[in-house]
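Results of the structural survey
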Amino acid sequence: MHNTIENILAIKEELNLINSATNIIAVSKTFDASKIKPLVNFGHIHFGENKVQEAIDKWTDLKKLNEDIKLHLIGKLQTNKVKFCLPLFDYIHSLDNLKLAEKISSQQTKLNFKPKIFVQVNIGNEIQKNGISVGELDFFLQECKTNLDLNIIGLMCIPPDDGNTKKYFEEMHQINKKLDLKELSMGMSSDYMEAINNGATFIRVGSRIFGERT
Ligand SMILES: *Cc1c(COP(=O)(O)O)cnc(C)c1O
């Protein structure tokens, strides 16, 4: 059996043990189509990429041949890339500013296709990280839903690497619940179980499935 399949089965086994129905997004960034295909053929549905152009190159044909696949954009999205990003991506995890929200809104109207969207939250208030601050979330969501007709399904975060991951995940869970959002995107190779224990409904797992990136 192929490595990537064994790896994802091992993760599913872990999830089964705790009766978790969390969705596993296989983050295939930097890996080429030949490395991805065995997982696609195995029937895996959710895949993640962080760059629009790379995703277009790798996924345009793969998606045509496998219509069940759901592609997730997990990296920074520049406004000038939005027109290339839809409808290839079914989910966007990195909505982090109003200009981008407006761009997505007009593009989805043009295409008559609404992507599912996570609002990225800068849960650790880190200068170097993207995301809406917790204090601005209410206003931002209001704008997105009411004025821009975006299909916001939940929040997403990349917590600081400061040993307090659990605390950040708990906080995200609370906020997500308070806002009555259904989905929560958090957890990577090193901390996905912690994320699941705190309500993650989508985990984004790369190296644990595909191996180390070079
Ligand atoms: C690369 C990436 C991941 C996957 O990281 P791993 O540690 O390889 O599991 C998850 N989320 C985002 C936003 C990423 O850029």
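Above: the structure in question.
So, here's what we can say about the structure. (Residues numbered from 1 in each chain as written. Predicted model: local features only at pLDDT ≥ 70, side-chain atom pairs only at ≥ 80, totals over all residues. Heavy atoms only, no water.)

**As for the site of the ligand**
Taken together, the neighbourhood of the ligand is formed by Lys 29, Ile 74, Ile 158, Met 188, Ser 189, Arg 204, Val 205, Gly 206, Ser 207 and Arg 213. Here an oxygen atom of the ligand and a side-chain polar atom of Lys 29 are 2.7 Å apart. Arg 213 has a polar side-chain atom sitting 2.8 Å from an oxygen atom of the ligand. The protein chains hide 89% of the 390 Å² of surface that the ligand would expose on its own. (Near = heavy atom within 4 Å. Polar contact = N/O pair within 3.5 Å; in protein donor to acceptor, adjacent residues only side chain to side chain. Areas by Shrake-Rupley, 256 points an atom, 1.4 Å probe, with all protein chains shown as cover.)

**Some words on the pattern of salt bridges**
Tallied over the full model, the rule gives nine salt bridges. Across the pair Lys 58 and Glu 49 runs a salt bridge whose closest N-O atoms are separated by 2.9 Å. Each member of the pair, Lys 58 together with Glu 49, is buried. (Salt bridge = Lys/Arg side-chain N within 4 Å of Asp/Glu carboxyl O. Buried < 20%, exposed > 50% of the residue type's maximum accessible area, 1.4 Å probe, protein only.)

**Some remarks on the packing of aromatic side chains**
Here the structure, examined in full by the defined rule, presents four aromatic pairs. Where Phe 47 meets Trp 59, the ring centres are 4.9 Å apart and the plane angle is 45°; that geometry is what we call tilted. Here Phe 47, found in strand β2 (residues 46-49), pairs with Trp 59, found in helix α3 (residues 52-65); they are twelve residues apart in sequence, far enough to count as distant. An identical accessibility class is assigned to Phe 47 and Trp 59; each is buried. On the basis of an interplanar angle of 55° and a centroid distance of 5.5 Å, the ring pair of Tyr 91 and Phe 202 is categorised as tilted. With Tyr 91 in strand β4 (residues 91-95) and Phe 202 in strand β8 (residues 202-205), this residue pair connects regions lying 111 residues apart in the sequence. The pair formed by Tyr 91 and Phe 202 is uniform in burial state, with each residue classed as buried. An aromatic cluster is present here, built from Tyr 91, Phe 118 and Phe 202 joined pairwise through their rings. (Phe/Tyr/Trp six-rings, centres within 6.5 Å; stacked < 30°, edge-to-face > 60°. Helix = DSSP H or I, 4+ residues; strand = E, 2+ residues; numbered from the N terminus.)

All we've got here are geometric facts, nothing functional implied.
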